[in-house]
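In case you want the letters, here they are:
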Amino acid sequence: MPPSTPPEPHPPADVTALLLAWGAGDGNAAERLLPAVYDELRRQAERAMRREGEHTLQATALVHEAYLRLVDQRRVEWRNRAHFFGIAAQMMRRILVDHARERQAAKRLGGAVRVELDDQVATVAAPDVEVLSLDRALDDLAALDPRQAHIVELRYFGGLSEQEVGAVLSLSRATVTREWQSARAWLYRRLTTGTDPLTSAGRPES
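Residues numbered from 1 in each chain as written. Predicted model: local features only at pLDDT ≥ 70, side-chain atom pairs only at ≥ 80, totals over all residues. Heavy atoms only, no water.

Participant: When you look at the overall build of the chain in this model, what are you seeing that I'm missing?
Facilitator: Helices and strands together make up the secondary structure of the chain, namely nine helices and two strands. Ordered by position from the N terminus, the helices and strands of the chain form the series α-α-α-α-β-β-α-α-α-α-α. Sequence separation of at least 24 residues holds for 66% of the intrachain contacts in the chain that already meet a minimum separation of 6. Total accessible area computed for the chain in this model is approximately 10,700 Å², and 47% of it derives from carbon and sulfur atoms. (Helix = DSSP H or I, 4+ residues; strand = E, 2+ residues; numbered from the N terminus. Contact = heavy atoms within 4.5 Å. Areas by Shrake-Rupley, 256 points an atom, 1.4 Å probe, with all protein chains shown as cover.)

This is the structure we're talking about:
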């Protein structure tokens, strides 16, 4: 179980090598992994949470819960550092959505967790939306274009750069940029108009 406080800094480690060793059954590699990835997981958590308004979940708690879920992924065959942080983005999305549902259920009257879908590299203005609405819209997008939905998940919930997303999905940065902008435009229409993309909005442009 991860410690309740950030681990002490360690000399730089080869995350990919640790992941491969861990996958091969090296328990020592698993123990060395958290200090090697903690700072980046913390940055991911802060980027994923900074668009929210008031929230009670702290970045440290998000990191620790995500890490617990990551180390429990026994069927994952870790490929490299980018793959690990890509899976971390998925974990953080699930945790933030679960947390938003719990808060919404507790408040009953309003109190929806709101986030900004803005990004300085994008060309389309973005609305202020509920994290749960975004989650549902992403599920709709995934039904039309799984790759674009995955790109949004990695960029938004994981805070990965376009280059890092490209490494996770084996895509060029130009392709990631194009599809990220297309996906954001589609989500903007979906979230602001309430249009059902499966029946009227059509597939996002690639």
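Participant: Before we go on, may I ask you to explain the side chain of Glu 40 in this structure?
Facilitator: Checked against the element boundaries, Glu 40 lands in helix H2 (residues 27-49). In contact with Glu 40, not counting residues within four places along its chain, are Arg 47, Arg 81 and Phe 85.

Participant: It is not clear to me how the packing of aromatic side chains should be interpreted in this structure. Could you clarify?
Facilitator: When we look at a pair of aromatic rings, we describe it by the centre distance and by the angle of the planes. Summed over all chains, the structure comprises four aromatic pairs. Centroid distance Trp 78 to Phe 84: 5.3 Å. Interplanar angle 55°. Geometry classified as tilted. The same class applies to Trp 78 and to Phe 84, which are both buried. Here the aromatic rings of Phe 84 and Phe 85 are separated by 5.3 Å at their centres, their planes lie at 85°, and the arrangement is edge-to-face. (Phe/Tyr/Trp six-rings, centres within 6.5 Å; stacked < 30°, edge-to-face > 60°. Buried < 20%, exposed > 50% of the residue type's maximum accessible area, 1.4 Å probe, protein only.)

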